[in-house]
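What follows is each chain in one-letter form.
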Amino acid sequence: MNRRSFVHSLSSAALVGAFHVPCDGGTGGRPSGALSPDTDSTVVIVRRVGLSQLKGDGRTGAYRTLLEEAFSTLGKTSLAQRVSGRNTIGLKANCLAGRPLSPSPELAQALSGMLRDVGVREVTVWERTMRELTRAGFTARGSFTIIGTDAVGYGRTIYESGDVGSLLSNALLNSDGLVSVGMLKDHDLAGISCVLKNLYGTIHNPNKYHDYNCNPYVAHVASLPPIRERLVLSVLDCATAQCHGGPSYKPAWAWPFDGILVSFDPVAADRIAADLIEDQRAIRELPTLEADRRPPRWIETAGLMGLGEHRRDAITVREVIV
Amino acid sequence: MNRRCFLSGLAGLAAAPAFAGDDEHGRFVREAKYWNPIEQQRVACTLCPRGCEVADRERGYCGVRENVGGRYVTLVYGRAVAANVDPIEKKPLFHFLPGTTAFSIATAGCNMECKFCQNWDISQFRPEQIRSTDLFPTDVAAAARGRSCASIAYTYSEPVIFYEYMLDSAIEGHRLGVRSVMISNGYILKEPLLELLPRLDAVKVDLKAFTDTFYQKLCAGKLQPVLDSLRWIKEQGTWLEIVDLILPTQNDGEGEILALSEWIVDELGPDVPVHFSQFHPTYRIRNLPRTPVSTLERCYRIAKNAGLNFVYLGNVPGLGYENTLCPGCGTTLIRRVGFTVLSNTLKEGACPSCGRAIPGVWS
């Protein structure tokens, strides 16, 4: 984020801050997913200079600090409320691009620890294949296990929403909570691949849903009932981000954002993520995503479907630098 | 080799890693024949009318072609998910070597998504999601010949998406005196089709409807490219038959059946066999009933009245609509029940009663 956009975000946050509605977690006996009407549309960006250069325990510790700051900003007990009643939570990591542009195992480690701290019994990190996970540096660690859908397969029920009809990964179906752990990155067809686009990794037939810049398909995938019911949190690893040439890693278009983005509202998270990528594209004098014929219109579609808040002026953005 | 056996692992097992470069599955990877490089290591597929533009590490709509570092590859060369010996009538091809068998193979994947697909459990999956076996073109040809099959059929899913595998298998088959037939949706561009046709001995195309709306809503495709393919196949002289699966309320209107029949008569000629087949609920269309026989019979009458000489009804065995009749004198030439040929009285491809030549590949 450059200074201009940082200031823009802050003033935007100030503008709508008065209307901020704190998250109230579950409703009644059944935990609500992130995609429920009462979801708080605050997006928190926490940055730490040099994050992308850290290794090992130092990096895990840094992520823990960033996450604590993020959840503190969202409301001190927000995470506990959000995952209340959920015993098994899966972190769906987007590891398509290999280690340089996949969520960091250290972020997963820190997040897993925090989830366990608030009562979650089991945390898994999963992706389409074990190979993708291992290529991204994931190994089974003390606080989480790793699962490739290639090892556990897909369920046998075709879930449908709108134009989408898909089988879902058993890694998803065998958990009762889902965190989308994506990257802040460009996508050649969808415009961006951050929170919601990452959910294509839950279905067996993602190749069927890339026409028309993935609109409305991204929204329809996110609204498949087992996903909608489980998605409780969105986290983007923005240590390294990429503004063009995605979804694979292209060093020429990557930059150290040195932060994370956290929200309970996946649509709001993607709205802000898209803005951040557009800002970086402007800095590099790249055309806008619209001019590049790949605007992420599915964000608006998702908002209109009630999956979250797509309107920029209705989203509260908090940026913290630690 | 049993198809059911192959499919038993469906959805419960996804044994292969996703990327083409993986050692374990690299043997199935070949450079694709029809694609062009574009900027940023992206590629444009020029095999089918979808014209997918695919970024590095991504796949085309078919799910079996992947961009690996700016190079487009097929992931299913020799990667069979089904291999069976079927009667040629099952394809259905009624005017092509009746009573013979076809060694029938498929890979995962399709370039459409028909919501009524009867083989969705292979066509709508990626190769690594389904158990497969190594069956390379020389193996295919040898297996077909070893089982006394007159032909190799590329079928079940969509052969266009395993183009390279099909092409080489057809070449190997011809070397051993085994012919090749493609059972296809006809969704392919002209250049690859024209390269392929000399290697094929017959093609069956599903003309799924005669409205673009149907193709777009229920197949994620378009009508016109299929019509174009039908013309090109006919122009090249490859034996052609057409199937139209009739879905109640979706593509069974009298006007549509008439328009489809008249188009075939005008553009392809009256001697192209047309099969109207009964739909049964499956995949994503489970809220429609089976096609009533009366509807199929109405299609039959419309098509005959439009001038088509050879009209058949499929999936309704035993009603007499599977028989081949001489359009000249009405003599029953080939009697069938289901996929079984009960009798064949053709004499050197002609009616024994009136001597009229019956179009087809008979020997």
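In this text, all values refer to a predicted model and were calculated from it rather than measured experimentally.

What to know about the packing of helix 2 (residues 56-74) of chain A against helix 4 (residues 105-117) of chain A
Residues and elements named next belong to chain A.
Part 1 of the argument: Running from N to C, helix 2 and helix 4 cross one another at 50 degrees; their axes reach a closest spacing of 8 Å. Taken together, the axes of helix 2 and helix 4 lie oblique to each other. Taken as a pair, helix 2 and helix 4 cross one another with a handedness that is right-handed. For the pair helix 2 and helix 4, the contacting residues are G56, R59, T60, Y63, R64, L67, E68 and F71 in the first and E106, L107, Q109, A110, L111, G113, M114 and D117 in the second.
Part 2 of the argument: Considering only residue class, the contact of helix 2 with helix 4 consists of seven nonpolar, four polar and five charged.

Things to note about helix 4 (residues 163-175) of chain B
All names here are of chain B.
Part 1 of the argument: In this model, helix 4 (13 residues) spans 19 Å end to end at C-alpha, consistent with the 18 Å of a helix rising 1.5 Å per residue.
Part 2 of the argument: Listing the buried residues of helix 4 in full gives Y163, E164, Y165, M166, L167, S169, A170, E172 and G173.
Part 3 of the argument: Residue G177 follows helix 4 closely and has a positive phi angle near 80 degrees.

Regarding the sheet that holds strand 4 (residues 53-54) of chain B
Part 1 of the argument: If you trace the three strands from one edge of the open sheet to the other, you get 2-3-4 (chain B), paired in antiparallel fashion. Two strands close off the open sheet at either side, each with one partner strand: strand 2 (35-37) and strand 4 of chain B.

Topic: empty space enclosed by the protein
Part 1 of the argument: Counting across every chain of the model gives six cavities of 30 Å³ or more.
Part 2 of the argument: When its volume is computed, the second largest cavity comes out at roughly 90 Å³.

Let's talk about the confidence of the model for chain B
Part 1 of the argument: Scored by pLDDT, chain B comes out at a mean of 93, with 93% of its residues at no less than 70.
Part 2 of the argument: Predicted confidence is poor over residues 1-19 of chain B, with pLDDT under 50, and the contacts of this stretch with residues over four places away or in other chains come to 72 contacts.

Section: the side chain of E319 of chain A
All names here are of chain A.
Part 1 of the argument: With respect to the helices and strands, E319 occurs in strand 12 (residues 316-321).
Part 2 of the argument: Since its relative accessible area comes to 11%, E319 is described here as buried.
Part 3 of the argument: For E319, the side chain forms a polar contact with the side chain of R47, separated by 3.4 Å.

Description of the nonpolar core
Proteins that are soluble and globular tend to have nonpolar side chains buried together.
Part 1 of the argument: Of all hydrophobic cores here, the largest spans 103 residues; its most connected members are F103, F116, L207, L230, L247, I264 and F276 of chain B.
Part 2 of the argument: Sort the elements by how many residues they give to this core and helix 7 (residues 223-236) of chain B lands first, with six residues.
Part 3 of the argument: Sequence-distant contacts of L207 of chain B, defined by excluding residues within four places in its chain, comprise Y215, L223, V226, L227, L230, I242, V243, D244, L260 and I264 of chain B.
Part 4 of the argument: Ranked by size, the runner-up nonpolar core spans 50 residues in total, among them L196, C238, A241 and W255 of chain A.

Topic: the packing of helix 8 (residues 254-267) of chain B against helix 9 (residues 293-306) of chain B
All names here are of chain B.
Part 1 of the argument: Relative orientation of the contacting elements helix 8 and helix 9 amounts to 40 degrees, with a least axis distance of 9 Å. Taken as axis vectors, helix 8 and helix 9 run oblique relative to one another. The handedness of the crossing between helix 8 and helix 9 comes out as right-handed. Note on element contacts: helix 9 touches helix 8 through R298, C299, I302, A303 and A306, opposite E254, I257, L258, S261, E262 and V265.
Part 2 of the argument: Looking at the contact of helix 8 with helix 9, its residues break down into seven nonpolar, one polar and three charged.

As for helix 7 of chain B
Residues and elements named next belong to chain B.
Part 1 of the argument: The terminal C-alpha atoms of helix 7 lie 21 Å apart, and with 14 residues this matches the ideal 20 Å at 1.5 Å per residue to within 8%.
Part 2 of the argument: Listed as buried for helix 7 are L223, P225, V226, L227, S229, L230, W232 and I233.
Part 3 of the argument: Buried residues along helix 7 sit in contact with helix 5 (190-196), strand 13 (202-206), helix 6 (212-219), strand 14 (239-246) and helix 8.

Concerning unusual backbone geometry
Part 1 of the argument: In this structure, the amide linkage connecting N215 of chain A to the following residue, P216 of chain A, adopts the cis form with an omega of 10 degrees.
Part 2 of the argument: Locating P216 of chain A in the fold gives a position in the loop between strand 8 (191-192) and helix 8 (217-222).
Part 3 of the argument: Geometrically, the link from K91 of chain B to P92 of chain B is a cis peptide bond, its omega value of -10 degrees lying close to zero.
Part 4 of the argument: With respect to the element layout, P92 of chain B can be found in the loop between strand 8 (82-87) and strand 9 (101-106).
Part 5 of the argument: Here D258 of chain A, not a glycine, exhibits a phi torsion of approximately 55 degrees, which is positive.
Part 6 of the argument: Along the chain, D258 of chain A falls in the loop between strand 10 (254-256) and strand 11 (259-263).
Part 7 of the argument: Residue D258 of chain A is classed as buried on the basis of its relative accessible area, which comes to 13%.
Part 8 of the argument: Positive phi, close to 60 degrees, is recorded for Q41 of chain B, a residue that is not glycine.
Part 9 of the argument: Examined against the element boundaries, Q41 of chain B turns out to sit in the loop between strand 2 and strand 3 (43-45).

Quick notes on the interface of chain B and chain A
The extent of an interface is frequently quoted as the accessible surface area lost upon association of the parts.
Part 1 of the argument: Opposite the 35 residues of chain B that make contact, chain A presents 40 residues.
Part 2 of the argument: When chain B packs against chain A, the two sides together hide about 2,800 Å² of surface, and 46% of this comes from carbon and sulfur.
Part 3 of the argument: Counting the contacts that link chain B with chain A gives four salt bridges.
Part 4 of the argument: Between D188 of chain A and R42 of chain B there is a salt bridge, with the nearest N and O atoms lying 3.3 Å from each other.
Part 5 of the argument: Connecting chain B to chain A are 16 residue pairs in polar contact (both at pLDDT 80 or more).
Part 6 of the argument: Residues of the side of chain B that touches chain A, tallied by class, amount to 17 nonpolar, eight polar and 10 charged.

About the criteria used
Residues numbered from 1 in each chain as written. Chains lettered and ligands numbered in written order. Predicted model: local features only at pLDDT ≥ 70, side-chain atom pairs only at ≥ 80, totals over all residues. Heavy atoms only, no water. Axes fitted to C-alpha atoms, helices over the stretch in contact; angles between N-to-C directions. Helix = DSSP H or I, 4+ residues; strand = E, 2+ residues; numbered from the N terminus. Parallel < 35°, antiparallel > 145°, perpendicular 65-115°, else oblique. Left-handed = near helix turned anticlockwise from the far one by under 90°. Contact = heavy atoms within 4.5 Å. Nonpolar A, V, L, I, M, F, W, Y, C, P; charged D, E, K, R; others polar. Expected span 1.5 Å × (residues − 1). Buried < 20%, exposed > 50% of the residue type's maximum accessible area, 1.4 Å probe, protein only. Pairing = 2+ DSSP bridges. 1 Å grid on protein atoms, 1.4 Å probe; cavity = no way out; pocket = protein on both sides within 12 Å on 5 of 7 lines; lining within 4 Å. Points joined across faces, edges and corners; volume = space filled by probe spheres on them. pLDDT = per-residue confidence, 0-100. Polar contact = N/O pair within 3.5 Å; in protein donor to acceptor, adjacent residues only side chain to side chain. Core = buried A, V, L, I, M, F, W, Y, C linked by side-chain atoms within 4.5 Å. Buried area = accessible area lost by both parts, 1.4 Å probe. Salt bridge = Lys/Arg side-chain N within 4 Å of Asp/Glu carboxyl O.

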